[in-house]
Structure formats: structure tokens, C-alpha cells
Amino acid sequence: MNGCIAYWGILRKDMRSYYLKPPNISWGLIFPLAWTLMFFIRSETAVDIRSLLPGVMALSILFGTTSMLAVTVTFEKRGRSFERLLLAPISLELLMWAKTSGAVFFGAVNAFVPVVMAAFLADLSGVIWWQLIVAVTLVAISSTFLGLLIAVCVKEVFEAQTFSNFFRFPMVFLCGLFFPIDQLPGPLQPLAYLLPLTYGADLLHEAVQSTGRLPVAVNLAALVGFCLLLFLVSLHRIRQKWIR
Amino acid sequence: MLRQNDGNEMSDTRVAAIAAHQLTKCFHAVRAVDGVSFEVRDGEVFGFLGPNGAGKTTTINMLTGLARPTSGSLRILGHDVTRNIKKAQHWMGIVPDESNLYPELDGWENLCFCASLYGIRRREREARARELLEQFGLASVARRRFAAYSKGMKRKLTIAAGIIHRPRILFLDEPTTGIDVASAREIRQRLAGLNQSGTTIFLTTHYIEEAERLCHRIAFLVDGRLVRVDTLANLVQAVQDKHTVELSASGGLRRMRDPLRNAFPAGDFEELSETRMRVHTDRPLPLAPLIRLLEEHEIQVTEARLIRPSLEDVFLEITGLELARMKNDDNRPETKSM
């Protein structure tokens, strides 16, 4: 029970302090709109909204979670308020899960903004909703944990931003959202399968258009594996660096 | 070498609030804390003093769970927490040397949030936050953002956050550094009140006067090593054998150094200015011949004052001697560490 109260307290504070601030809400709305408009402008033929949905959703989650978490944790670490959390009588696992839950929730909500918009413009009757929700959740968790790993590897807020971009942009171009993986140059193709977003994007393609290339079970297993790996490596780094 | 004296003010039958045995912390080749052993009794105010870089904060970090000891053992309220301190953190309140609450939250929200970290239910945490804001005189600024608080207010709220869950042991790292005299005095009064209500306090401070006023026992840490743990009375007794008289005169004291030394070879004459001088001796100093000598040189003594040895003298003597001894040890080829 004590753990639940602490978990809820941390989540509630982060939501109010960071994720529900007007700049972040407007980011959540403007970002998917901007991406969709970009595809409209660049396309010479009529744009299939449904085909855009997996890409826009994945980008909304990725950009909404990684830098937010990396920046907020680094910011609290710099101000030493993070020490207050480390000194609380709750396990490090629960603490970091509470700290990342806000970003996961924020990322997942961001992902559904384009879905709500698309519902007015396209027929979404063929979407496999359970798969979409699972995909969004797992992509949000893995992206958030990537942000956590970045946060525990840097000291300054600007470093967190730089590192986020260092990981995000190659991931966006290699994960199969813009170019099919089998059309990537040979040496880059194995690299694509080392990225969690590759499996998330494939799962989203499958859920929205039934055009996934890998079996759903493989995508799910890979995403769960990445989530666990990123979380455990982050915890290990925290124990090594912050509780020395 | 550590000299430890238990004093006789407190009962020995109580379980130690903190029992550290041979605590050591190394950062690569540097031994920040070197085999520190001490006990803090339940209900006492224990002062932890030492020069900058002595290892005070590292020790506090090990005691509270922000650092893992390289070796040694630690018991909190009788429980061995050397490997897992989480279970003891519920009994601890920690007030760091910087006010580290959340700048974007107001005073009320900060306290309620800190209470939630200790699993306190909503009704209770709100009642406790209200009570503490009243106690610390912050009720009128409860809804002001922490970032907009003055330094003194920030310090008070940080202490309030540290005791929101009614800890049995309160760790305070430099609680009054950088705040005005009135706020510092108010904080000291609150801390004394907390201790009277049964809270054990572990205090590090740079203000000797603060330690003198608040602490039952004091430990001196020098270069990562604990060199002395004792009651205030016993510590001061150690320098009681030295007699110091401060003389104030009309002027010209500097030119009197040699005549005074020649006339009183047992005295150590320390000129503070043209008009002030301190005389240190191992035995009570007869003042009449000294004043007469000065008057013969046309210097009027306006005041002669006996200087009572303070904790500051003890601090300077202990840390100074210990640092000199360590320096000597380091210079000896056979003991030089690599």
C-alpha cells in the first residue's frame, strides 16, 4: 500500500509538473498535425491517411517520450531533488517505474491524437484495436526507457537533448517507417533489427493496415525484450552512478 | 588514533540509533572515509565536525543510502542495513546541505508530495503539512512557489519536509548555512524542540557555536578518519589547561613583543593588533607585573579579560594537530602511501 501511495504521488507530481503543462499539450497536438501536413504537401497523389497513421503515431511516441524523460530526470538530478526520491523507502524498481509512467502515459496519449484526427478523415474499420493499443503501449515503454538510459548516461540537460537526437533520428530512418527495411543498403539492414522501433513500427503497420512483415509474436517478444533490457541496464547504471 | 568517550549523561541500555563499524568509502584510489566507527545513541544530538573535504557528507551519504560503503558495517536502530538500507529509510529524515525541494511546486504541494513518498495517506499528509507549515511560520506562504521563497523560508520548508513522516533519526547537513541570524536561531530552536520530543539528530555543521549549543556529543573527522568522539564538557576540558588572557591597551602593543617575551618567557604572546594582544600560558598568569611592565613603557592597559576555551579552540587544536601529524606521517619514507 505504501508503495502504491508513493507511486501515485510521483506520477501525479510529474504529470502536473511536466506533462500537463500547456507547452507539452500543444506539442502533443501540433506534432502529429505537422507531420501529417508534411506528407500531404510532399505527396503528388492523394494521400492515404491510414497508411500515414503508423508512422505519425510512432514518431509522436518517440519524440514525446525520449527527450521529455531524459530532460526531466537530468533536470531533477541537477537540482538534487532526485536525491529525495532515492532516499524514499521504496525500491529502485518501483521508483523508476513511477518516474517513467508519466512519460509512457504522455507518449501513449500523443499516439492517439493522430488516430482521433484520422477517425474524422478516413475509414478505420479494419484496424485491429487490441494490437494497436498493445503496440502503442510497448513502443511508449521502450522509448521511455531509452530516454531513461540517456538520462542516466549524461550530466547536463543539453547533453540529454543531444543524445536523444543522436539515437532518435537514425532510428526514425532505419526502422522501416519511411523506407522498407529490405530496400535499405545491405550493411544497414541488420542494424535495423537492433532497434526497438523497428518492431514497434511493424506491429503498428500490422494493426492499422495488416501489412506487418514479421509475425506479431516476434514483434511483441522483441519489444518486451528491449523494454526489459533498457530498464535493467538503466537501473544498473543508476546503482553504479547515483548510489555510489 | 581515535579517542572515544561515552560521557555519562545518557543511559547505555538503549539501542544505538546508529552504529557504524569500520565504515570505509573509496573512490578509486582515494579513501574518502577511512574505517570510521561510532555510535549515536537513541535520543541524542550527535555533532559531526571536520574541515572541508574531511568526508562528512560522504559519511552521511553512507548512513542514509546515497552511497554504499566499500567496507564496514552499519546498524540503524539495531537492524543491520549494511547491504540494504531501504528498510531503514522509513525511520530517517534527511535534510541535505542544499534546499532540494521542487521549485515548481508550492510549499503545501512540496510537503504533501514528500509525505506521499513515505506512504502517508491523503488525510494524514494534509493534516501534517498544515501542522508543519504553522509550526515553521510558513502558513501564509503555503501557496507560494518554492522557487519564490527566501533562503530562510526554503531552509525551513526543507526541514519540515525532512520530518513530515515523523522520523526517529534526523540527518541535518549544514542546516543553517547561508541564512540570516533570526532564521538560524529559529531553526536551532525547532531542532532542540524536536530532540526534546525524542528525535535523534545527526548534525554536521561549520558553525562551532551551533554544535556547542545543540550537541550532546561531538565527533571530529579529519581527512576521512574519526579522531575524537566525546561530550562537549570533556572536549573543552582538554584545552582547559591552557590559560589565555586578552589585553586591550591604548596602543603600541606590537613594539612590546620582545620586552614581554624577555620578561615572561613562559608566555606565548599573540598580537592581534596595536591595541589588542593575547597571552597564552600553561599556568595562571600573574597580571600585575605584566601590566606594570606595559605601564613602564607608557602603555595604558584598559582591559584584561580571561578567554574561556571554546569548542572552536578544541576544533582547531584537534584538527590542526591531526593534520600536522598526518602530514608528518606522509613525509616519512617508510609510511608514505603509494
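Everything numeric in this text was worked out from a predicted model, so none of it was measured.

Definitions and cut-offs
- Counting of residues starts from 1 at the beginning of each chain's written sequence and follows it residue by residue.
- Think of it this way: whatever chain is written first is A, whatever ligand is written first is 1, and the rest follow in order.
- Local features are withheld for residues below a pLDDT of 70 in this predicted model, meaning they are given only at 70 or higher, and side-chain atom pairs are given and counted only at 80 or more; totals for whole chains, interfaces and linings count all residues.
- The side-chain values count all of the structure's non-hydrogen atoms but skip hydrogen atoms and water molecules.
- Starting at the N terminus, helices and strands are each numbered in turn, a helix being any DSSP run of H or I of at least four residues and a strand any DSSP run of E of at least two.
- Only protein chains enter the calculation, and the probe is 1.4 Å; a residue is then buried if its accessible area is under 20% of its type maximum, exposed if over 50%, and partly exposed in between.
- Any two residues having at least one pair of non-hydrogen atoms within 4.5 Å are treated as being in contact.
- A 1.4 Å probe and the Shrake-Rupley method give the accessible areas. Residues count as covered only by the protein chains that appear here.
- Here, any two strands with at least 2 DSSP bridges between them count as paired.
- Here a polar contact is taken to be a pair of N or O atoms separated by no more than 3.5 Å, where protein atoms must pair a possible hydrogen donor with a possible acceptor and residues adjacent in sequence count only if both atoms sit in side chains.
- Among buried residues, those of type Ala, Val, Leu, Ile, Met, Phe, Trp, Tyr and Cys that are joined through side-chain atoms within 4.5 Å constitute a nonpolar core.
- An automatic or database domain assignment supplies the start and end points of every domain.
- The pairing test for Phe, Tyr and Trp rings, Trp by its six-membered ring, is centres within 6.5 Å, and the orientation test on the planes gives stacked under 30 degrees, edge-to-face over 60, and tilted for anything in between.

1. Here we look at the overall build of chain B
Alright, step 1. Regarding its fold elements, chain B presents ten helices and 15 strands.
Alright, step 2. Evaluated residue by residue, chain B yields a buried proportion of 51% over its 338 residues.
Alright, step 3. Once local pairs closer than 6 in sequence are excluded, the contacts in chain B between residues at least 24 apart make up 70%.
Alright, step 4. Accessible surface, chain B: about 16,500 Å² in total, of which carbon and sulfur atoms supply 48%.

2. Some words on the pairing of strand 14 (residues 276-281) of chain B
Every other side chain in a regular strand lies on the same face of the sheet, so the side chains alternate between the two faces.
Residue and element names in this part refer to chain B.
Alright, step 1. Only one face of strand 14 is buried: it carries M277, V279 and T281, and the other face, with R276, R278 and H280, is open.
Alright, step 2. One ladder, built from six bridges, connects strand 12 (residues 243-249) with strand 14; its direction is antiparallel. When the sheet's bridge partners are listed, L247 is paired in strand 14 with M277.
Alright, step 3. As paired elements, strand 13 (residues 268-271) and strand 14 share four bridges and run antiparallel to each other.

3. Focus: the environment of E83 of chain A
All names here are of chain A.
Alright, step 1. Topologically, E83 is positioned in helix 4 (residues 81-86).
Alright, step 2. With relative accessibility at 18%, the residue E83 sits in the buried group.
Alright, step 3. Within the structure, the side chain of E83 is placed 3.1 Å from the side chain of R80, a separation counted as a polar contact.

4. Details of the nonpolar core
Alright, step 1. If you look at the biggest cluster of nonpolar residues, it comprises 168 residues, and the most contacted ones within it are I18, F38, F202 and F220 of chain B.
Alright, step 2. Formed by 16 residues, the second largest nonpolar core is a distinct cluster that contains L260, F269, L294 and V301 of chain B.

5. Side note on the environment of P180 of chain A
Alright, step 1. Residue position: P180 of chain A is located in the loop between helix 7 (157-174) and helix 8 (188-192).
Alright, step 2. It is 9.9 Å that separates the C-alpha atoms of P180 of chain A and R213 of chain A, two residues lying 33 residues apart in sequence.

6. Considerations on the pairing of strand 4 (residues 45-49) of chain B
All names here are of chain B.
Alright, step 1. Summarising burial for strand 4: five of the five residues are buried, a large majority.
Alright, step 2. Examined bridge by bridge, strand 4 and strand 9 (residues 200-204) share four bridges and lie parallel to one another. Bridge pairing in strand 9 places G47 opposite L203.
Alright, step 3. Pairing of strand 4 with strand 10 (residues 217-222), which is carried by four bridges, proceeds in the parallel orientation. By the bridge assignment for strand 10, G47 is matched with I218.

7. So, the domain arrangement of chain B
Alright, step 1. Along its sequence, chain B is carved into domain 1 (3-231) and domain 2 (243-308).
Alright, step 2. The C-alpha-based centres of domain 1 of chain B and domain 2 of chain B are spaced at 44 Å.

8. Details of the packing of aromatic side chains
Residues and elements named next belong to chain B.
Alright, step 1. Tallied over the entire structure, the rule returns 19 aromatic pairs over all chains.
Alright, step 2. Measuring from ring centre to ring centre gives 5.6 Å for F38 and F48, while their planes differ by 45°; the resulting arrangement is tilted. In this pair, F38 sits in strand 3 (residues 30-41) while F48 sits in strand 4, placing the two residues ten residues apart along the sequence. Grouping residues by exposure puts F38 and F48 together as buried.

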